Amino acid sequence: MLESPIIIVNYKTYSQSIGKDALKLTKTIEKTSEKNWAVCPQPNDMRMLSENTNVPILSQHIDPIDPGSNTGDLLLETMKDSGAEGTLINHSEKRLKLSSIEKVVGRCKEKDMVTIICANNPLVAGSAAALGPDFVAYEPPELIGGDISVSTAKPELVEEAVKRVEKIDPDVGVLCGAGVKDSEDVKAAIELGTEGVLLASGVVKTEDKKEVIKDLESGL
Ligand code: G3P
C-alpha cells in the first residue's frame, strides 16, 4: 500500500521523463526526498525503474481486459510483473467508461494493486469513491499542464470533492492535481483535506529538479 501524505509524479509522455531520463529523474527523487513519493512512468520504462530504484511505481493506465486474445492493450499482470504497485485509472488524458473503471478496480483488488481513480469534478469524485478504490484524484482538466494550481484556484471544489468522497466511503483517500508547482500548492491541498497531490509538469519540466522536490515536499 502507498503511504500518505504523498506526492505522485506522472511522467506522462514528456520527452524529459522517458528512457534514461526517467531513470535519472526517479533516482533524483529517491536521493533527494525524505517523504512519500511515487512515480507513474511509461510502461516500457517501468522494469528499469523498479530494478534500479526503490521509489514506488504506478502504471499510468491499465486496460479492462483479462490475459488472452487482446492486442495493444496494457495488461494488469504485465504491469505488476514490471514493478507496478498500482495504477492510475481514468486519467483525463485516458478516460474510461464506468463499466471499464469498475472492472479495472476489481481486477486490481484481486491482485493487491493500489487503485487511484481520477475524477474531473467533485461529483465524479464522489461517484468514483463508490467503486471502492484506494484513492480518488480530483483533477480539473482545464488546469492540467498550466501554472495555476487546483488547490489555490479552486479550493472550494477540492473541499467539495473531499466531502463527497468521505460521505460515500471514508476509507477512500483524496488527492488533487493540476497545475501544482510549489510547496504552497501542496500545503493548500493538505489543508483542504487531501492526502497529497498528483502532478507532472511542475517536476518533469523544471531545470533544478532537486530544488523543486525539496520545495514540494516541504508542503506536506
Ligand atoms: O496526472 C497529473 C496531471 O494530470 C497534472 O499535470 O502538469 O498540471 O501537474 P500537471
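Let us look at the structure shown here.

## Regarding the overall build of the protein chain
Turning to step 1, where the next piece is worked out: A tally of regular secondary structure across the protein chain gives 10 helices and 8 strands.
Turning to step 2, where the next piece is worked out: Computed over its C-alpha atoms, the radius of gyration of the protein chain comes to 16 Å, within 12% of the 17 Å expected for a compact globule of 220 residues.
Turning to step 3, where the next piece is worked out: Referenced to the eigenvectors of the C-alpha coordinate spread, the extents of the protein chain come out at roughly 45 × 40 × 25 Å.
Turning to step 4, where the next piece is worked out: Looking at the 220 residues of the protein chain, the share that counts as buried comes to 51%.
Turning to step 5, where the next piece is worked out: Contacts spanning at least 24 positions in sequence make up 66% of the contacts within the protein chain whose residues lie at least 6 apart.
Turning to step 6, where the next piece is worked out: Counting 25 positive and 36 negative side-chain charges, the protein chain places the averaged centre of each group 4 Å from the other.

## Remarks on helix H4 (residues 98–110)
In an α-helix, one turn spans 3.6 residues; hence positions three or four apart end up facing the same way.
Turning to step 1, where the next piece is worked out: The end-to-end C-alpha distance of H4 is 19 Å, a good match for the 18 Å that 13 residues give at a rise of 1.5 Å each.
Turning to step 2, where the next piece is worked out: Turning to H4, its buried residues number three or more, namely Ser-100, Ile-101, Val-104, Val-105, Arg-107 and Cys-108. Down the axis of H4, the sector holding all buried residues measures 165°, keeping them to one side. Structural note: H4 exposes Leu-98 and Glu-110 on the side pointing more than 90 degrees away from its buried face.
Turning to step 3, where the next piece is worked out: If you follow the buried residues of H4, they end up packed against helix H3 (76–81), strand E4 (86–89) and strand E5 (114–119).
Turning to step 4, where the next piece is worked out: Of the residues flanking the end of H4, it is Asp-112, one or two places downstream, whose phi is positive at about 55°.

## With respect to the site of the ligand
Turning to step 1, where the next piece is worked out: Surveying the vicinity of the ligand reveals the residues Asn-10, Lys-12, His-91, Glu-139, Ile-144, Gly-145, Ala-178, Gly-179, Leu-198, Leu-199, Ala-200 and Ser-201.
Turning to step 2, where the next piece is worked out: At a separation of 2.8 Å, an oxygen atom of the ligand approaches a polar side-chain atom of His-91.
Turning to step 3, where the next piece is worked out: Between Gly-179 and the ligand, the recorded distance is 2.8 Å, taken from a backbone N or O atom to an oxygen atom.
Turning to step 4, where the next piece is worked out: Against a free-state accessible area of 310 Å², the protein chains account for coverage of 100% of the ligand.

## Looking at the state of the cysteines
Turning to step 1, where the next piece is worked out: All told, the structure shown has 0 disulfides when counted by the stated rule.
Turning to step 2, where the next piece is worked out: Here Cys-108 stays free of any disulfide, with the sulfur of Cys-118 as its closest cysteine sulfur at 13 Å.
Turning to step 3, where the next piece is worked out: Cys-40 provides the cysteine sulfur closest to Cys-118, a residue in no disulfide bond, and the two sulfurs are 8.4 Å apart.

## Considering the pattern of salt bridges
Turning to step 1, where the next piece is worked out: A complete count under the given rule lists 9 salt bridges for this structure.
Turning to step 2, where the next piece is worked out: With a closest N to O distance of 3.1 Å, Arg-107 and Asp-66 form a salt bridge. Placement of the pair is Arg-107 in helix H4 and Asp-66 in the loop between strand E3 (58–59) and H3, with a sequence separation of 41 residues.
Turning to step 3, where the next piece is worked out: You can call Asp-66 partly exposed: its relative accessible area is 39%.
Turning to step 4, where the next piece is worked out: A salt bridge links Lys-111 to Glu-77; the shortest N-O distance between them is 3.8 Å. Note that Lys-111 is positioned in the loop between H4 and E5 and Glu-77 in helix H3, a separation of 34 residues in sequence.
Turning to step 5, where the next piece is worked out: Overall, the relative accessible area of 23% leaves Glu-77 in the partly exposed class.

## Details of the side chain of Thr-28
Turning to step 1, where the next piece is worked out: If you trace the backbone, Thr-28 turns up in helix H1 (residues 20–32).
Turning to step 2, where the next piece is worked out: For Thr-28, a relative accessible area of 18% puts it in the buried group.
Turning to step 3, where the next piece is worked out: Contacts of Thr-28, omitting those with residues within four sequence positions, involve Ser-33, Lys-209, Lys-210 and Ile-213.

## Considering the sheet that holds strand E1 (residues 6–10)
Turning to step 1, where the next piece is worked out: Read across the open sheet, the 8 strands follow the order E2-E1-E8-E7-E6-E5-E4-E3; overall the sheet is parallel. The sheet terminates laterally at strand E2 (36–40) and E3, the two strands that pair on one side only.

Rules and cut-offs
- Residues numbered from 1 in each chain as written.
- Predicted model: local features only at pLDDT ≥ 70, side-chain atom pairs only at ≥ 80, totals over all residues.
- Heavy atoms only, no water.
- Helix = DSSP H or I, 4+ residues; strand = E, 2+ residues; numbered from the N terminus.
- Rg over C-alpha atoms; globule rule 2.2 N^0.38 Å.
- Buried < 20%, exposed > 50% of the residue type's maximum accessible area, 1.4 Å probe, protein only.
- Contact = heavy atoms within 4.5 Å.
- Lys, Arg positive; Asp, Glu negative; His and termini not counted.
- Charge placed at Lys NZ, Arg CZ, Asp CG, Glu CD.
- Expected span 1.5 Å × (residues − 1).
- Arc of directions from axis to C-beta.
- Near = heavy atom within 4 Å.
- Polar contact = N/O pair within 3.5 Å; in protein donor to acceptor, adjacent residues only side chain to side chain.
- Areas by Shrake-Rupley, 256 points an atom, 1.4 Å probe, with all protein chains shown as cover.
- Disulfide = S-S within 2.5 Å.
- Salt bridge = Lys/Arg side-chain N within 4 Å of Asp/Glu carboxyl O.
- Pairing = 2+ DSSP bridges.

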